[in-house]
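One letter stands for each residue in the lines below.
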Amino acid sequence: MRTTGPVIGRFLTELRGGRIVGVRTAEGKVLVPPLEYDPASGEAVTEEFVEVGPAGTVTAWAWVAEPRDSHPLDRPFAWATIKLDGADTALVHAVDAGNAKALRIGSRVWPVWRSERTGHITDISYFAPEVTKIVSPVRAEYRLQVGGSLLTFLEGVERGVFLGGRCPSCEKVYVPYRVFCPACGGPIADQLELPDTGTITTYAINNLPDPRAPEVPFVSAYILLDGADIPMIALVGGVPAHEVRQGMRVRAEWVPEGERTKSMANVRWFAPTGEPDVEL
Ligand SMILES: [Zn+2]
């Protein structure tokens with residue numbers, strides 16, 4: 001055991017009080033943790049103590065993926081050098097960042113104090129990153145009363161076919177099936193079955209999880225079914241997200257017949273057919 005000198009002793013006493021102090025050197029720098037002598041000049045420090053922090057900035061860090069019993073945290077953490085606000089030197093402490101990606105040089109961290117302090121460096125349990133962003137899961141559930149034409153379409157989907165409607169005047173084919181032509185306003189009487197193959201016209205790579213998507217990132221796309229004039233939106237699967245492209249030929253992957261309901265969940269996603277791309 002080593003007895004602490006007056007400088008370190010003061011530092012530890014202040015920790016017990018929930019404060020972090022440094023000591024000023026003859027040159028005016030603030031050393032944290034304080035030392036009896038300025039490591040730069042070898043001169044004795046002054047007797048002036050300066051409260052610093054409590055927040056600071058990470059200047060370097062190393063990730064500990066598998067903490068040992070002797071470590072301050074029982075979950076993965078970082079050993080970091082932290083320059084507390086007002087200090088000219090950095091102290092080493094644990095940072096509970098959750099994962100290595102949450103930490104970078106320049107990250108702002110705050111001390112998390114132990115509730116019962118004894119005047120020891122472990123009075124600071126660890127440092128934690130400043131909260132600058134809150135990721136909060138939001139879930140909205142909709143129950144739509146299915147109208148007549150959409151019900152017709154979903155009954156088709158239950159049988160494994162996409163039903164479209166052809167406008168008798170402009171001859172445009174709409175999917176999902178609808179009863180009025182949005183272009184000319186006339187009624188659509190002709191119902192037709194469309195193939196479950198089509199072409200990706202546009203797509204988006206999504207990096208936020210979605211209960212309908214199997215993994216992140218996933219791709220949602222506008223797919224122009226063969227014979228249709230209006231694309232429909234669907235998931236794309238069976239292909240890495242970065243390989244999805246405009247003009248790619250795809251086919252619907254249906255869930256097994258016994259599991260089908262009157263819902264678009266019958267289509268797991270559209271997967272590439274392997275055919276050559278189509279010029280759009
Ligand atoms: Zn029309």
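Predicted, not measured: the structure shown is a model, and the values here were computed from it.

Draft legend 1. View of the overall build of the chain. A count of helices and strands for the chain gives 2 helices and 16 strands. What you see for the chain is a C-alpha radius of gyration of 32 Å, clearly larger than the 19 Å of a compact globule of 280 residues, by over 25%. Along the three orthogonal principal directions, the C-alpha set of the chain runs to about 95 × 40 × 35 Å. The buried share of the chain, taken over its 280 residues, is 37%. Summed over all atoms, the accessible surface of the chain reaches about 16,700 Å², with 52% contributed by carbon and sulfur.

Draft legend 2. Main features of the packing of aromatic side chains. This structure, assessed with the given rule, holds 4 aromatic pairs. Seen in terms of ring centroids, phenylalanine 162 and tryptophan 254 are 5.0 Å apart; in terms of plane orientation they differ by 35°. Their pairing is tilted. With a gap of 92 residues between them, phenylalanine 162 in strand β9 (residues 162-166) and tryptophan 254 in strand β15 (residues 249-254) connect regions that are remote in the sequence. On the accessibility criterion, phenylalanine 162 (0% relative accessible area) is buried. When its relative accessible area of 18% is taken as the criterion, tryptophan 254 is described as buried. Ring centres of phenylalanine 162 and phenylalanine 270 lie 6.0 Å apart, and the angle between their planes is 15°; this geometry places the pair in the stacked category. On the criterion of sequence distance, the pair formed by phenylalanine 162 in strand β9 and phenylalanine 270 in strand β16 (residues 267-272) is long-range, its members being 108 residues apart.

Draft legend 3. Summary view of the coordination of the zinc ion. Taken together, Cys167 (SG), Cys170 (SG), Cys181 (SG) and Cys184 (SG) make up the full set of protein donors to the zinc ion, lying 2.1 to 2.3 Å away. Taken together, the 4 donor atoms surrounding the zinc ion define angles of 101 to 128° at the centre, an arrangement classified as tetrahedral. Taken in sequence order, the residues that donate to the zinc ion follow the motif C-x2-C-x10-C-x2-C. Note that cysteine 170 is positioned in the loop between β9 and β10 (173-174) and cysteine 184 in the loop between β10 and β11 (190-194), a separation of 14 residues in sequence. Taking relative accessible area as the criterion, cysteine 184 reaches 41% and is therefore assigned partly exposed.

Draft legend 4. Just helix α2 (residues 148-159), in detail. End to end, α2 covers 17 Å across 12 residues, agreeing with the expected 16 Å (1.5 Å per residue, within 8%). Phi turns positive, to about 90°, at glycine 160, one or two residues after α2.

Draft legend 5. Just the sheet that holds strand β1 (residues 20-24), in detail. Strand order across the open sheet formed by 3 strands is β2-β1-β3, with antiparallel pairing between neighbours. Edge strands, defined here as strands with exactly one partner in the open sheet, are β2 (30-31) and β3 (49-52). Pairing of β1 with β2 involves 2 bridges; the strand directions are antiparallel. Directly across from arginine 24, in β2, lies its bridge partner valine 30. Those strands touched by helix α1 (residues 6-16) are β1 and β3, and its axis lies near 155° from that of β1.

Draft legend 6. Quick look at the sheet that holds β9. Strand order across the open sheet formed by 3 strands is β10-β9-β11, with antiparallel pairing between neighbours. Looking at strand neighbours, the two that pair on one side only are β10 and β11, the edges of this open sheet. Across 5 bridges, β9 lies against β11 in antiparallel orientation. Looking at β11, one finds that glycine 165 is bridged to glutamine 191. The strands touched by α2 are β9 and β11; relative to β9, the strand with the most contacts, the crossing angle is about 140°.

Draft legend 7. Main features of the pairing of strand β6 (residues 91-95). Across the 5 residues that make up β6, a large majority, 4, are buried. Summarising the sheet, strand β5 (residues 77-84) and β6 pair through 5 bridges and their orientation is antiparallel. Opposite isoleucine 82, over in β6, you have leucine 91 as the bridge partner. The turn joining β5 and β6, which pair antiparallel and follow one another in sequence, is formed by 6 residues; a positive phi near 95° is taken by glycine 86.

Draft legend 8. Seen up close, unusual backbone geometry. The step from valine 32 to proline 33 runs through a cis peptide bond, and the omega angle for that step is -5°. Counting through the fold element by element, proline 33 comes out in the loop between β2 and β3. Residues glycine 53 and proline 54 are joined by a peptide bond in cis, for which omega reads 5°. Tracing the sequence through the fold places proline 54 in the loop between β3 and β4 (56-64). For glutamate 171, which is not glycine, the phi torsion reads 65° and is therefore positive. With respect to the element layout, glutamate 171 can be found in the loop between β9 and β10. Residue class for glutamate 171 comes out exposed when judged on its relative accessible area of 56%.

Calculation notes
Numbering of residues begins from 1 in every chain and follows the order in which that chain's sequence is written. The model is predicted, so local features are restricted to residues of pLDDT at least 70 and side-chain atom pairs to those at 80 or more, both for listing and for counting; the totals for chains, interfaces and linings are taken over all residues. The basis for every side-chain value is the complete set of non-hydrogen atoms in the structure, without hydrogens or water. Segments assigned H or I by DSSP are reported as helices when at least four residues long, segments assigned E as strands when at least two residues long, and all are numbered from the N terminus. To get the radius of gyration, use the C-alpha atoms; to get the globule rule, take the number of residues to the power 0.38 and multiply by 2.2 Å. For every residue, the accessible area (1.4 Å probe, protein chains only) is compared with the maximum for its type, and the residue is labelled buried under 20%, exposed over 50%, or partly exposed between those bounds. Here, Shrake-Rupley sampling with a 1.4 Å probe gives the accessible areas, and only protein chains in the shown set may cover a residue. In this analysis, rings of Phe, Tyr and Trp, with Trp reduced to its six-membered ring, are considered paired at centre separations within 6.5 Å, and the interplanar angle assigns stacked below 30 degrees, edge-to-face beyond 60, and tilted for intermediate values. Each metal site is built from N, O and S donor atoms within 2.8 Å (3.2 Å for Na, K and Ca), and since water is not included, such sites may look incomplete. By the criteria applied here, four donors are tetrahedral when all angles lie between 85 and 135 degrees, four are square planar and six octahedral when opposite donors are over 155 degrees apart and every other angle lies between 65 and 115, and any other arrangement is irregular. Expected span, for any helix, means 1.5 Å times one less than how many residues it has. Should DSSP find at least two bridges between two strands, the strands are regarded as paired. Contact criterion: two residues are considered in contact whenever any of their non-hydrogen atoms come within 4.5 Å of each other. Only the stretch in contact is used when fitting a helix axis, every axis being a line fitted to C-alpha atoms; angles between N-to-C directions are given from 0 to 180 degrees.

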